[in-house]
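Examining the three-dimensional arrangement
Listed below, chain by chain, are the residues.
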Amino acid sequence: MNLSKDLIVPYNEQIVGFSGERVDTRGYLDLRTRIGSRRDGREVRVRFLLVEANTSYNVLLGRPCLNAFGAIVSTLHLAMKFPSDKGTICTVHADQQIARQCYAAGLKIAPYSRPRKQQCSEVAMTDLDHRTNMEDRIQPGGDTKEISIGTRPYQITKIGVAMRPDEEELMGAVILENKDFFAWSSANMPGIHPDVMSHKLAIFRVARSVAQKKRKIREERRKAVEEEVKKLERAGFIKEIKYTTWLANVVMVKKASGKWRMCTDFTDLNKACLKDAYPLPNIDRLVDGASGHNFLSFLDAYSGYNQIPMYGPDRSKTAFITDQANFCNEVMSFRLKNAGATYQGLMDRVFRG
């Protein structure tokens, strides 16, 4: 419509859908809107809320707008009547063929997914790793050496030194050919498309939402929470939320390295969710499956859970409270119930092709 962005007035409210899903608004515009022709019609100032959405419709007229025009709509006759500025009754007829085309086109449009912010490129992967027992991880047997697979000094990986020269050359060629699979920061993780996998909360219908009271934390932990929230927000993993019925506290746990790790107390939310009985892998079966192969590669899945988006209507239910504001998870959190089942389902789908 060639309207200046300066005309958009900020609006902090959300639009709530039929099933409780919430859609953020970019703001609103007050525009003079006319229905009918220039001779027989009516013009009224209408407030339009702006949202980011993929739809076959450019504008939706709600009940406040129809009431302002004094319009009466008949879906049976595909017509709308309203009084004009001259006092006559005007009739607007819909085109049934166009209406069907719009409906069919709307069914084919993929849901809108907000793109990741590009400014998250400087958030290191080690800063977002949720694991604490790093000392107990399986290590490769024998000595290793580093090979460079990028232009930056830290873009390296390790291979074993016990390989024959031809094996080492073959391994290096395969790694360099697939170097774009390595993630050095959160910007290198485009994430999983919601159509492929998203984490949904199967909450009991009779469950009541719980908003925990804010707990007091010491100054050292409060500063750690503030730093962790900034990192997660820069990475696009969380966003600020203003209205929510579920609310949890954060809990700070000290790692073996002496750094703080921020966890969210999803106890109440997890109690209200059904258990997903998706079959998880057995370690003995995995070991037996690896036997007999010449090579074993250790793939380090940094922030693996954070690459799976939360189901849109469930994001507000993951809200947690801090001293600065309330935030909700844009991606699946490690502490959510059934997170392991969702992640395993994704891995099975990926390796099945």
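In this text the structure is predicted, and so the values were computed from the model without any measurement.

Cut-offs and rules
Residues numbered from 1 in each chain as written. Predicted model: local features only at pLDDT ≥ 70, side-chain atom pairs only at ≥ 80, totals over all residues. Heavy atoms only, no water. Helix = DSSP H or I, 4+ residues; strand = E, 2+ residues; numbered from the N terminus. Expected span 1.5 Å × (residues − 1). Buried < 20%, exposed > 50% of the residue type's maximum accessible area, 1.4 Å probe, protein only. Pairing = 2+ DSSP bridges. Contact = heavy atoms within 4.5 Å. Axes fitted to C-alpha atoms, helices over the stretch in contact; angles between N-to-C directions. Core = buried A, V, L, I, M, F, W, Y, C linked by side-chain atoms within 4.5 Å. 1 Å grid on protein atoms, 1.4 Å probe; cavity = no way out; pocket = protein on both sides within 12 Å on 5 of 7 lines; lining within 4 Å. Points joined across faces, edges and corners; volume = space filled by probe spheres on them. Nonpolar A, V, L, I, M, F, W, Y, C, P; charged D, E, K, R; others polar. Salt bridge = Lys/Arg side-chain N within 4 Å of Asp/Glu carboxyl O. Phe/Tyr/Trp six-rings, centres within 6.5 Å; stacked < 30°, edge-to-face > 60°. pLDDT = per-residue confidence, 0-100.

Between the first and last C-alpha of helix α7 (residues 339-352) there are 20 Å, a value that for 14 residues agrees with the 20 Å anticipated at 1.5 Å per step. Burial in α7 covers these residues: A339, A341, T342, Y343, Q344, G345 and L346.

With that settled, consider helix α6 (residues 283-290). Of all the 8 residues making up α6, 0 are buried; the element is thus mostly uncovered. Backbone geometry just downstream of α6 places G292 in the positive-phi region, at approximately 90°.

In the sheet, strand β10 (residues 250-254) pairs with strand β11 (residues 260-264) via 5 bridges, with the strands oriented antiparallel. Note on β11: the bridge partner recorded for K254 is W260. Counted between consecutive antiparallel strands, the loop separating β10 from β11 contains 5 residues, among which G258 sits at a positive phi close to 95°.

Attention now moves to the sheet that holds strand β9 (residues 238-240). Here we have 3 strands laid out as an open sheet, ordered β9-β13-β12, and antiparallel in their pairing. Both edges of this open sheet fall to β9 and β12 (320-321), since each of them pairs with a single strand only. Across the sheet, helix α4 (residues 219-234) lies against β9, β12 and β13 (326-329), angled at about 105° from β9, the strand it touches most.

With that settled, consider the sheet that holds strand β4 (residues 72-74). Pairing between the strands of a sheet is mediated by backbone hydrogen bonds and can be parallel or antiparallel. Ordered in space as β4-β5-β6, the 3 strands form an open sheet in which the pairing is antiparallel. Edge positions in the sheet fall to β4 and β6 (89-93), since each of these pairs with one other strand and no more. Taking the axes of each pair of neighbouring strands and ignoring which way they run, one obtains an average angle of 20° across the sheet. In this structure, β4 lies alongside strand β5 (residues 79-83), joined through 3 bridges in antiparallel fashion. Paired with S74 across the two strands is A79, which belongs to β5.

In this antiparallel pair of consecutive strands, β4 and β5, the connection spans 4 residues, and L78 shows a positive phi of 50°. In this sheet, β6 lies alongside β5 in antiparallel orientation, the contact comprising 5 bridges. When the sheet's bridge partners are listed, A79 is paired in β6 with H93. Here β5 folds back onto β6 in antiparallel fashion, the turn holding 5 residues, of which G87 has a positive phi close to 95°.

Core analysis: the biggest nonpolar cluster contains 16 residues, and L201, L269, I308, M332 and L336 have the highest contact counts within it. The biggest single contributor to this core is α7, with 3 residues. In this view, I308 contacts I192, M197, S198, H199, V331, M332, T342, Y343 and L346; residues no more than four positions away in its chain are not counted. Counting 15 residues, the second largest nonpolar core, distinct from the first, contains I238, M252, A325 and F327.

A word on empty space enclosed by the protein. Evaluated as defined, the whole model comprises 2 cavities of 30 Å³ or more. Lining the largest cavity, in full, are K214, R215, I217, R222, V225, N249, V250, I321, T322, D323 and Q324. Broken down by class, the residue content of the lining of the largest cavity amounts to 4 nonpolar, 3 polar and 4 charged. Its boundaries defined by the atoms lining it, the second largest cavity holds a volume of some 50 Å³. Contributing to the lining of the second largest cavity are V210, Q212, W246, L247, A248, D265, F266, D268, L269, K317 and A319. Residue classes in the lining of the second largest cavity are distributed as 7 nonpolar, 1 polar and 3 charged.

Scanning the model with the defined rule gives 16 salt bridges in all. With a shortest N-O distance of 2.9 Å, R47 and D30 are connected by a salt bridge. Of the two residues, R47 is situated in strand β3 (residues 41-51) and D30 in strand β2 (residues 22-36); the sequence distance between them amounts to 17 residues. Using a relative accessible area of 33% as the deciding quantity, one classes D30 as partly exposed.

One pass over the full model with this rule turns up 2 aromatic pairs. Between the aromatic rings of F69 and F82, the centroid separation amounts to 6.5 Å while the plane-to-plane angle is 75°, which identifies the pairing as edge-to-face. Of the two residues, F69 sits in helix α1 (residues 63-69) while F82 sits in strand β5, which places them 13 residues apart along the sequence. The exposure classification of F69 matches that of F82, with both residues buried.

Looking at the protein, pLDDT values average 81 and 86% of them are 70 or higher. Below pLDDT 50 for its whole length, residues 117-122 participates in 7 contacts with residues either more than four positions away or in separate chains.

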